[in-house]
Amino acid sequence: MVGKHQTPKAIQLQGFLVMGVLYTVIGVYFSSLARHRVFLLALYGMTFFFSNYGPNSTTFMMPSMTFSRPCRSTLNGVCAASGKIGALIGASLFVPLANWLGNDRVMMI
């Protein structure tokens, strides 16, 4: 995928893929990483980098490439609202799920 030109879709997929791998590694090795917090911090920091590299940098380009001009702003608003609702649900459920399942399993969800 690395080359002179990458599409926003490819960049977004790369970001999601690497974040999924990193969160899986954090989830599988959480108990040992909790004892070595420098490694946990490094892996978690890498998730922030790849969320900004992939999904964050391409989020605002995708509506202009996906939706037609007459309905672009309306559908962009619908997508933004859906993302905010998903973030609200994820933030609201994280602590109860972490208490119920444990931090390692929540990181793999």
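Model, not experiment: these values are computed from the prediction.

Cut-offs and rules
- Just so you know, the residues in each chain are numbered from 1, in the order the chain's sequence is written.
- Restriction of local features to residues with pLDDT of at least 70 applies here, the model being predicted, together with a cutoff of 80 or more for giving and counting side-chain atom pairs; totals for whole chains, interfaces and linings are based on all residues.
- Note that the side-chain values use all heavy atoms of the structure and ignore hydrogens as well as water.
- The helix count covers DSSP runs of H or I at least four residues long, the strand count covers runs of E at least two residues long, and both are numbered beginning at the N terminus.
- We take the radius of gyration over the C-alpha atoms and set the globule estimate at 2.2 Å times the residue count to the 0.38 power.
- Per-residue accessibility, obtained with a 1.4 Å probe over protein chains only, is compared with the maximum for each type, and a residue is labelled buried under 20%, exposed over 50%, and partly exposed between these values.
- Should any heavy atoms of two residues lie within 4.5 Å, those residues are considered in contact.
- Only the protein chains shown count as cover for residues, and all accessible areas are computed by the Shrake-Rupley method using a 1.4 Å probe.
- A residue's pLDDT is simply how confident the predictor is in it, with values from 0 to 100.
- The definition of a nonpolar core used throughout is a set of buried Ala, Val, Leu, Ile, Met, Phe, Trp, Tyr and Cys residues joined through side-chain atoms within 4.5 Å.
- Multiplying one less than the number of residues by 1.5 Å gives the expected span of a helix.
- The bend at a residue is defined as the angle formed between two axes, one fitted to the seven residues ending at that residue and one fitted to the seven starting there.
- Ring pairs shown here join Phe, Tyr and Trp side chains whose ring centres sit within 6.5 Å, with only the six-membered ring taken for Trp; geometry is labelled stacked below 30 degrees between planes, edge-to-face above 60, and tilted in between.

Outline the overall build of the protein, listing residues and values.
Helix and strand content of the protein: six helices and zero strands. When the helices and strands of the protein are placed in sequence order, the string is α-α-α-α-α-α. In terms of C-alpha radius of gyration, the protein reaches 17 Å, well past the compact-globule figure of 13 Å for 109 residues. By principal-axis analysis of the C-alpha atoms, the protein measures approximately 55 × 35 × 15 Å. When the 109 residues of the protein are sorted by exposure, 21% land in the buried category. A sequence separation of at least 24 residues applies to 59% of the contacts in the protein between residues at least 6 apart. Carbon and sulfur atoms form 70% of the exposed surface of the protein, whose accessible area is close to 8000 Å².

So what about the confidence of the model for the protein? Which residues, and what values?
Any segment with low pLDDT has predicted coordinates that should not be analysed in fine detail. For the protein, mean pLDDT is 87; residues scoring 70 or higher make up 96% of the total. When mean pLDDT is taken per element in the protein, helix H1 (residues 8-28) scores highest with 91 and helix H4 (residues 62-66) scores lowest with 80.

Tell me about the nonpolar core, residues and numbers included.
Core analysis: the biggest nonpolar cluster contains eight residues, these being Met19, Leu22, Ile26, Phe30, Leu33, Leu43, Phe50 and Met107. Among the secondary structure elements, those contributing two or more residues to this core are H1, helix H2 (30-35) and helix H3 (37-58). With three residues, the single largest contributor to this core is H1.

How would you explain H3 if you had to name every residue and give the values?
The first and last C-alpha atoms of H3 sit 31 Å apart over 22 residues, in line with the 32 Å expected at 1.5 Å per residue. Residue asparagine 52 marks the point of greatest curvature in H3, where the axis turns by about 35 degrees; the proline proline 55 follows within four residues. Residues of H3 that are buried sit in contact with H1, H2 and H4.

Describe the packing of aromatic side chains, with residues and values.
Using the criterion set out here, one finds five aromatic pairs in the structure. Between tyrosine 44 and phenylalanine 48, the ring centres sit 5.2 Å apart and the planes meet at 90 degrees, which makes this aromatic pair edge-to-face. With tyrosine 44 and phenylalanine 48 both in helix H3, this residue pair falls four residues apart, about one helical turn. Of the residues examined, phenylalanine 48 reaches a relative accessible area of 46% and is grouped as partly exposed. Aromatic pair phenylalanine 50 and tyrosine 53: ring centres 6.3 Å apart, planes at 90 degrees, arrangement edge-to-face. Residue phenylalanine 50 and its partner tyrosine 53 are located together in helix H3, separated by three residues, close to a single helical turn.

How would you sum up helix H5 (residues 72-101)? Please name residues and give values.
In a regular helix each residue adds 1.5 Å, so 30 residues correspond to 44 Å; H5 covers 41 Å between its end C-alpha atoms and thus fits that length. The axis of H5 is deflected most strongly, by about 40 degrees, at phenylalanine 94, and proline proline 96 appears within four residues downstream. Positive phi appears at glycine 102, one or two residues downstream of H5, with a value of about 100 degrees.

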